Amino acid sequence: MKKARAPDHLERASVPWLLACAVSTAAPHTEHLPLWLSAIIGVALLLRTGLWLKNRPLPARWLLALVVVATTAGVYIEYRTLFGRDSGVALLTLFMALKPMEMNRRRDAVVIIMLGFFLLLTHYFYSQSIPTGLWLIASVTLLTATLIRLFGGPQPPVVIARHAAQLLLQALPFMLVLFLLFPRVSGPLWGLPQDAHSSRSGLPENIAPGSISELILNGAIAFRIRFTGTPPANSVLYWRGPVMDEFDGRAWKPAFLGRMASPQIEARGESIAYELTLEPHNQRWLLALDAPLELPQNATLSMRMQALAREPVRLRSRFTLRSSTDYRAGLEETQQILSASLQLPAKGNPRARTLAAGWQQKHSNPQAIAAEAQLLFRQENFVYTLNPPLLGENSIDQFLFETKSGFCEHYASTFVFLMRAAGVPARIVAGYQGGEFNPIDGYVVVRQSDAHAWAEIWIAGRGWVRVDPTAAIAPSRVEQGIAAALPEGETLPVMARIDLDWLRQLRFRWEAINNTWNQWVLGYNPDRQRELLSRFGLGDIDWRGMTALLSALCGLALLGITVWTLWQRPRTDAAHRAWQRFCKQLAKRGAPRREAWEGPLAYASRVASVRPDYGDIVHRAARCYAKARYGNADGASMPALREAVRQLPNRWRFF
Amino acid sequence: MSDSRTPLTEAIAAAGNIILGKERQIRLALACLLARGHLLIEDLPGVGKTTLAHTLAQLLGLHFSRIQFTSDLLPADIVGASIYDREQSTFRFLPGPIFSQLVLADEINRATPKTQSALLEAMEERQVTAEGETRPLPDPFFVIATQNPSHQIGTFALPESQLDRFLMRIDLGYPDRNAERALLAGGNTRERLATLQAILGPAQLKPLQASSAAIHAAPALIDYVQLLVEETRRDPRFVHGLSPRAALALLSAARAWAFIDGRDMVLPEDVQAVFGSVAAHRLRLAQGSGHANPEDLATIIQRTPLP
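In this text, all values refer to a predicted model and were calculated from it rather than measured experimentally. (Residues numbered from 1 in each chain as written. Chains lettered and ligands numbered in written order. Predicted model: local features only at pLDDT ≥ 70, side-chain atom pairs only at ≥ 80, totals over all residues. Heavy atoms only, no water.)

Regarding its fold elements, chain B presents 13 helices and nine strands. Per-residue burial over chain B gives 51% buried out of 307 residues. Across chain B, the fraction of contacts at a sequence separation of at least 24, relative to all contacts at a separation of at least 6, is 78%. (Helix = DSSP H or I, 4+ residues; strand = E, 2+ residues; numbered from the N terminus. Buried < 20%, exposed > 50% of the residue type's maximum accessible area, 1.4 Å probe, protein only. Contact = heavy atoms within 4.5 Å.)

Residue and element names in this part refer to chain B. If you walk across this open sheet you meet the five strands as β2-β5-β8-β1-β9, and the pairing is parallel. A single partner strand is all that each edge strand has here, and the edge strands are β2 (64-68) and β9 (166-170). Strand-to-strand twist across the sheet, computed as the mean angle between neighbouring axes with direction ignored, equals 20°. Relative to the sheet, helix α3 (residues 49-60) contacts β1 (38-42), β2, β5 (102-106), β8 (142-147) and β9, its axis offset from that of β5 by approximately 175°. (Pairing = 2+ DSSP bridges. Axes fitted to C-alpha atoms, helices over the stretch in contact; angles between N-to-C directions.)

Before going further, it helps to examine the packing of aromatic side chains. All names here are of chain A. Applying the stated rule across the entire model yields 20 aromatic pairs over all chains. Taking the centre distance of 5.5 Å and the plane angle of 55° together, the rings of Phe382 and Phe399 count as tilted. With Phe382 in the loop between α11 (366-379) and β13 (383-384) and Phe399 in helix α12 (residues 395-403), this residue pair connects regions lying 17 residues apart in the sequence. Accessibility classification places Phe382 together with Phe399 in one group, the buried group. Here the aromatic cluster, defined as three or more aromatic residues joined through ring pairs, consists of Phe223, Phe227, Trp239, Tyr274 and Tyr432. Directly above the aromatic system of Phe401 lies the positively charged group of Arg351, at a separation of 4.2 Å from the ring centroid. (Phe/Tyr/Trp six-rings, centres within 6.5 Å; stacked < 30°, edge-to-face > 60°. Lys NZ or Arg CZ within 6 Å of the ring centre and 35° of its normal.)

Our focus in this paragraph is the interface of chain B and chain A. Across the contact, 19 residues belong to chain B and 16 residues belong to chain A. Looking at the side of chain B facing chain A, the largest losses of area belong to B:Met265, B:Glu269 and B:Leu306, adding up to 30% of the total buried there. Linking chain B to chain A there are zero salt bridges. Elements with a contribution of two residues or more to the side of chain B that touches chain A: α10 (219-234), α12 (268-279) and α13 (294-303) of chain B. (Buried area = accessible area lost by both parts, 1.4 Å probe. Salt bridge = Lys/Arg side-chain N within 4 Å of Asp/Glu carboxyl O.)

With that out of the way, let us pick up α11(A). All names here are of chain A. Spanning 14 residues, α11 covers 20 Å between terminal C-alpha atoms, matching the ideal 20 Å at 1.5 Å per step. The set of residues buried in α11 consists of Ile369, Ala370, Glu372, Ala373, Gln374, Leu376 and Phe377. Buried residues belonging to α11 abut α10 (350-362), α12, α13 (408-421), β18 (451-459), β19 (463-467) and α14 (469-473). Where α11 begins, one side-chain oxygen reaches toward the backbone nitrogen of Gln367, 3.0 Å away; that side chain belongs to Asn365. Downstream of α11 by a residue or two, Asn381 has a phi angle that is positive, lying close to 55°. (Expected span 1.5 Å × (residues − 1). Polar contact = N/O pair within 3.5 Å; in protein donor to acceptor, adjacent residues only side chain to side chain.)

All names here are of chain B. Only one face of strand β6 (residues 127-130) is buried: it carries Val128 and Ala130, and the other face, with Gln127 and Thr129, is open. Across four bridges, the pairing between β6 and strand β7 (residues 133-136) is antiparallel. The partner of Val128 across the bridge, within β7, is Arg135. Between β6 and β7, which pair antiparallel in sequence order, lie two residues; one of them, Glu131, sits at a positive phi of approximately 50°.

Per-residue confidence for chain B gives a mean pLDDT of 85, with 97% of residues at or over 70. The weakest mean pLDDT in chain B belongs to helix α8 (residues 189-194) of chain B at 74; the strongest belongs to helix α11 (residues 244-260) of chain B at 93. (pLDDT = per-residue confidence, 0-100.)

A word on empty space enclosed by the protein. Evaluated as defined, the whole model comprises two cavities of 30 Å³ or more. Taken as a whole, the largest cavity spans an internal volume of roughly 70 Å³. When residues in the lining of the largest cavity are grouped by element, the largest group, four residues, is from α13(A). Residues of the lining of the largest cavity, tallied by class, amount to five nonpolar, four polar and two charged. The computed volume of the second largest cavity comes to approximately 60 Å³. Lining the second largest cavity are B:Leu33, B:Arg36, B:Gly37, B:Arg126, B:Asp139, B:Pro140, B:Phe141, B:Phe142 and B:Gln209. Across the lining of the second largest cavity, the residue classes tally to four nonpolar, two polar and three charged. (1 Å grid on protein atoms, 1.4 Å probe; cavity = no way out; pocket = protein on both sides within 12 Å on 5 of 7 lines; lining within 4 Å. Points joined across faces, edges and corners; volume = space filled by probe spheres on them. Nonpolar A, V, L, I, M, F, W, Y, C, P; charged D, E, K, R; others polar.)

See the structure below:
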């Protein structure tokens, strides 16, 4: 039984185009879809390709319905819902893979393309990186090309691709205008990205042995800084994170002290202005350079001198700060904080306590006590290593007198313990130390592997003074970075220990590109928008004004493109225009319409046979037109044509 | 100018009296001759292919010869051969039937490729090389070849490159009812043919060919020819599009058509009128065997708007 072809029958030759669309829009989603779903999608698309190759009929409707119901149920079981982002995307991707199975008509194909455009948008829920952007541009081109193929008939793929690219290029001005001027809200429009609330690597809230050395293996970028002036030396770059003053014998955590005013910080050297772009870490601390003097509006200084954002940082954010590395802070520290900075567990680590008590008797000066501890670390063959032996109950004693090898948290923790036991208020500061200057774009990059822990002691008359006990054992840690400080052979992330110069250059370049993308594309937030607009003297524009400006610019762009297109169009000569107008007028008067391919004389005879009353006029006009357009150019033919065209009865003439 | 064309109109009218109801084909054949091209007529036996060739030769006063192609025909049978003249004791070249102003090559696809190519070379070069000596062919030199549809038994299909040497291919088709009735009722065609008077001579034909070639083709028209040719190259139904040579052929055939029509410039209508005859035998279909038919070319015309 052969059915008559429907008027919008889908050509066999356009099927591979549509399958390519399905693959290119669905493929990136398989990265985060459950395996069984990815498998079904792959199998469905492969099957469809096979059916196309073998020219076999598509599966029956009931079978498809069954598959759709079963897989939808599967999605429900997997996600426990059919709504929301993840299950929604899963369903859409699934439909994208199944829809080709019932692709008989052009209408089905259009559904696939529209679904494709929508599905493309959902990729931004998961990734906004440059490769994703490039992939999506390619996919949009493919989808557009497929539309052209569907409605434009068979043409070589190169011609279609060029046409699609041309169309997209024409959309470019609108894209730019919309990007720059569309009123922005903070954060993505669709709500928070999935990974915002899940755990992100970053400094821990509590410090126990091993908690920082875990981070050292992570090469991910923590934040980037751009200094307004020249970057200070690496050895003063202490980026302040959580401060901990309560010790339970094993781990350090911030003591609960209630709300208190922040201490006075007085800069002694010149202040350093910088801009910090923080990767989301789900915590409030901003990792300001020690010690912060000026904070952005939406941040406050805590009583422990931390720069804290109002909300946990869940999106990549930019802050402008000012710090001084030479400062005096907390000269008049509150009693509560000082006593919290002396707290120790009731028992444990007796040998360390004895040692400290001895120092306390020997010296009255806290600085001398601190020097004593540093001297101890330096002289007693202490080893700086990422893989220290495990410690038991009296961890401080064990470290001090037995294992003698550890990482920065061991040294900081032991040092603070000793200080407190000797009656000097002390606490642990976690954060990052150092950074890497990227010569390509001038940003300093701080990675998770730069995580560090150091100590602060309080001295009457001088306030809080930073003491980095790690510097006593491994001075190169502070001067040259982690890779130089660790012994050869210890595992480190590849990123932190690169010796090959070209590889390092390549990495610098790639990071600079990524950073530009982050700063200018992803980080284009309301502030940046305002900043840009104020550069054009539109500083205090509200969203209404912005929308008006947007519409005006879009209109302008449209006008520009129209003018350009008209300019590009082969300019028809006067004779041709006159003839076309004449034919249109004739058609309005009930004569047959001229086909686009029809020559003047042929059209004249056709009109004359249908409307003999126009016969003379049209014959004469056609002859004049033929002469003017195709004849040997002579000046008289054009006026004759105008005259002939004017012979039409005047009633409906508009020109 | 209209004076010089009068004999053409007369010739068309006179030929119309012999070959009934085929004015379009007569015009096309004449246009082909004016454009200095050769003509291929493809149709079933008995529809008047030979009569058309004969009539044209008669009316134009051309020296006419006919070669019946058979499978055992040799190149020498066409070109001629040297024979020994006993009286003068030398070899004397005896020109073959190709040394005529109008040659009718009947059923050309019955001959072997070797013989076919002897004729086709002569058509292209307008000269013949026999026994080391090159001899020019008469001027005008016009070949009308006929061939039976290639699916008939015992035929050698002409290769592409040789088909290209025919400016046009036309088919005659069955006459319509009235024409056939007139044919049946009328007297013996052969007798009437014999009584035909020449309207032109070779001497008049040459200036006519020259003025046909001088017909004006405006830039807009050349644009149109280019668009048509490009459209055939884009069309997936054909293996290849039209060659530049085919584009030239299309333009000169359109010029001749415009000339016969009494105009001094080529119009798109002229191009459209000859397009089917000039292009169809040069476009091989991608699917199946054989060449494009008039409907394929009509869609090309209808897809190409006038610039």
